[in-house]
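One-letter residues, chain by chain:
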Amino acid sequence: ADCRYTCHQECRSLIQLDCRRPGQWQSQLSPENTLLPPQGQNATQTVEEEKPKPPTVQEIKQKIEKYNAKVTNCLLMKLNEDGTYTGFIKVHLKLRRPVTVPAGIRPQSIYDALKEVNLAEMTDKRTSFYLPLDAIKQLHISSTTTVSEVIQGLLKKFMVVDNPQKFALFKEMRKDGQVLFQKLPLTEYPLYLRLLAGPDTDVLSFVLKENETGEVEWDAFSIPELQNFLMILDKEEKDKIQQVHRKYERFKQRLQQTLKEARGKPG
């Protein structure tokens, strides 16, 4: 009422001002003394205006030179004449559930890769297979390669016939001794993130994991796939129940042993 300070309605109780001298406040009013408008009006527009501009070709060239100077192996980035660039990323596979692969299919040969032969389409037989935990796959991609294309490329290399919507690509970062995961949108460009972070995988690495169940479009899967999901979830539930039983059984045994040793002792 005195100084005409403006703030969000929900922030009102948090504001502490000394308004005992209204004349002084009125003489010092300026745009800097006013907070942003209520959320939902111009807040979104302000954020959009602050989005960083796409880097120029010269800036990309400088970043690539800086990146390559830190590379300790032969996995360099290369700038093309059209302004795009190519390089390598490593993806850690951290899949806890089995994937669906063709049954009785031989490994893909160099001839198949060159001719782009899809061995998964050569048979209708399917089987479940656990990919090695923490396996690392190296991919050579372009700056225009999206997260969606990276996921599809990984599934193709391992001949996985599951719907790509079952999986998501995360970036893993380490900060203050903690490991943080962030899901990447399908339209993100992983090679650009690699370029910004540098070649050190301790700073940034990519991880392929199962998609969050709440974000999966279940209508996109067939009845056999959904039945397979139910079987996997049922097995995981039973395993989790057994883990809880074993945990409390051990606790119970230690408690009984402690009570047994304490009998006869004073206090």
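Residues numbered from 1 in each chain as written. Predicted model: local features only at pLDDT ≥ 70, side-chain atom pairs only at ≥ 80, totals over all residues. Heavy atoms only, no water.

Asker: What exactly am I supposed to notice about the overall build of the chain here?
Answerer: Counting its regular elements, the chain contains 7 helices and 8 strands. Per-residue burial over the chain gives 25% buried out of 267 residues. The contacts in the chain between residues at least 6 apart in sequence include a share of 68% that link residues at least 24 apart. Only carbon and sulfur atoms are counted for the fraction: they give 52% of the accessible area of the chain, which is about 19700 Å². (Helix = DSSP H or I, 4+ residues; strand = E, 2+ residues; numbered from the N terminus. Buried < 20%, exposed > 50% of the residue type's maximum accessible area, 1.4 Å probe, protein only. Contact = heavy atoms within 4.5 Å. Areas by Shrake-Rupley, 256 points an atom, 1.4 Å probe, with all protein chains shown as cover.)

Asker: In this structure, what is going on with a nonpolar patch on the surface? I would like to understand it.
Answerer: Side chains of Val-244, Tyr-248, Phe-251, Leu-255 and Leu-259 sit close together on the surface and give an oily, nonpolar patch of about 500 Å² of accessible area. Looking at where Leu-255 falls in the secondary structure, it is placed in helix 7 (residues 223–262). (Patch = residues over 30% accessible without salt bridge, like charges linked within 9 Å, V, L, I, M, F, W, Y side chains within 5 Å. Salt bridge = Lys/Arg side-chain N within 4 Å of Asp/Glu carboxyl O.)

Asker: Hey, could you run me through helix 7 in this one?
Answerer: Look at helix 7: 59 Å from first C-alpha to last across 40 residues, which is about the 58 Å you get at 1.5 Å a residue. Here helix 7 has its buried residues at Asn-228, Phe-229 and Ile-232. (Expected span 1.5 Å × (residues − 1).)

Asker: Any chance you could explain a positive patch on the surface here in plain terms?
Answerer: Taken together, the side chains of Lys-240, Arg-246, Lys-247, Arg-250 and Arg-254 present a region of like positive charge at the surface. Position of Lys-247 relative to the elements: it lies in helix 7. (Lys, Arg positive; Asp, Glu negative; His and termini not counted. Charge placed at Lys NZ, Arg CZ, Asp CG, Glu CD.)

Asker: Please clarify how the side chain of Thr-146 should be interpreted in this entry.
Answerer: Mapped onto the secondary structure, Thr-146 falls in the loop between strand 5 (135–142) and helix 5 (147–157). Thr-146 has contacts with Leu-186, Thr-187, Glu-188, Tyr-189 and Pro-190, leaving out every residue within four places of it along the chain.

Asker: When you look at the layout of surface pockets in this model, what are you seeing that I'm missing?
Answerer: One water molecule sets the probe size; rolling that probe over the atoms shows where empty space is left. Roughly 360 Å³ of internal volume is contained in the largest pocket. Every residue lining the largest pocket is counted, 13 residues in all, and those nearest its centre are Pro-54, Pro-55, Tyr-85, Tyr-189 and Tyr-192. Looking at the lining of the largest pocket residue by residue, the class counts come to 8 nonpolar, 4 polar and 1 charged. (1 Å grid on protein atoms, 1.4 Å probe; cavity = no way out; pocket = protein on both sides within 12 Å on 5 of 7 lines; lining within 4 Å. Points joined across faces, edges and corners; volume = space filled by probe spheres on them. Nonpolar A, V, L, I, M, F, W, Y, C, P; charged D, E, K, R; others polar.)

Asker: Would you mind showing me how to read the side chain of Glu-210 here?
Answerer: Residue position: Glu-210 is located in strand 8 (residues 205–210). No salt bridge is formed by the buried Glu-210; its nearest oppositely charged neighbour, Arg-96, is found at 4.5 Å. Side-chain polar atoms of Glu-210 contact the backbone nitrogen of Arg-96, separated by 2.9 Å. In terms of polar contacts, Glu-210 uses its side chain to reach the backbone amide nitrogen of Arg-97, at 2.9 Å. In this structure Glu-210 touches Lys-94, Leu-95, Arg-96, Arg-97, Lys-166, Phe-167, Ala-168 and Phe-170, once residues within four positions along its chain are discounted. (Polar contact = N/O pair within 3.5 Å; in protein donor to acceptor, adjacent residues only side chain to side chain.)

Asker: What should I look at first to understand the nonpolar core in this one?
Answerer: A general trend in soluble globular proteins is that nonpolar side chains are found buried together. With 30 residues, the main nonpolar core has Ile-89, Val-91, Phe-167, Leu-169, Phe-206 and Leu-208 as its most contacted residues. Only helix 3 (57–70), strand 2 (85–93), strand 3 (99–102), strand 5, helix 5, strand 6 (167–175), helix 6 (190–197) and strand 8 provide two or more residues apiece to this core. Ranked by the residues each element gives to this core, the list is headed by helix 5, at 5 residues. Excluding residues that lie within four positions of it along the chain, Val-91 makes contacts with Ala-135, Ile-136, Lys-137, Leu-139, Leu-154, Leu-169, Phe-206, Val-207 and Leu-208. (Core = buried A, V, L, I, M, F, W, Y, C linked by side-chain atoms within 4.5 Å.)

Asker: Please explain the environment of Lys-171 as it appears in this structure.
Answerer: With respect to the helices, strands and loops of the structure, Lys-171 is situated in strand 6. In this structure, the C-alpha to C-alpha distance between Lys-171 and Leu-184, residues 13 residues apart in sequence, is 6.8 Å. Setting aside chain neighbours within four positions, we find Lys-171 in contact with Leu-180, Phe-181, Gln-182, Leu-184, Leu-204 and Ser-205.

Asker: Explanation requested: the pairing of strand 8 in the structure shown.
Answerer: Regular strands place side chains that alternate from one sheet face to the opposite one. Buried residues dominate strand 8, accounting for 5 of its 6 residues. In terms of strand pairing, strand 2 meets strand 8 through 3 bridges, oriented parallel. Along strand 8, the bridge assignment pairs Val-91 with Phe-206. Of the pairings in the sheet, the one linking strand 6 to strand 8 comprises 6 bridges and is antiparallel in character. Bridge pairing links Leu-169 to Leu-208 in strand 8. (Pairing = 2+ DSSP bridges.)

Asker: Explanation requested: the packing of aromatic side chains in the structure shown.
Answerer: The description of two aromatic rings rests on the distance between their centres and on the angle between their planes. Per the counting criterion, the structure on display carries 0 aromatic pairs. Here the basic side chain of Lys-209 rests over the ring of Phe-170, its NZ or CZ set 5.1 Å away from the ring centre. Over the aromatic face of Phe-181 sits the side chain of Lys-209, whose NZ or CZ is 4.5 Å from the ring centroid. (Phe/Tyr/Trp six-rings, centres within 6.5 Å; stacked < 30°, edge-to-face > 60°. Lys NZ or Arg CZ within 6 Å of the ring centre and 35° of its normal.)

Asker: Where do I start with helix 6 in this structure?
Answerer: Within the span of helix 6, buried status applies to Pro-190, Leu-191, Leu-193, Arg-194 and Leu-195. Tucked inside the fold, the buried residues of helix 6 contact helix 3, strand 2, strand 5, helix 5, strand 6 and strand 8. One or two steps after helix 6, the chain reaches Gly-198, where phi turns positive at roughly 90°.

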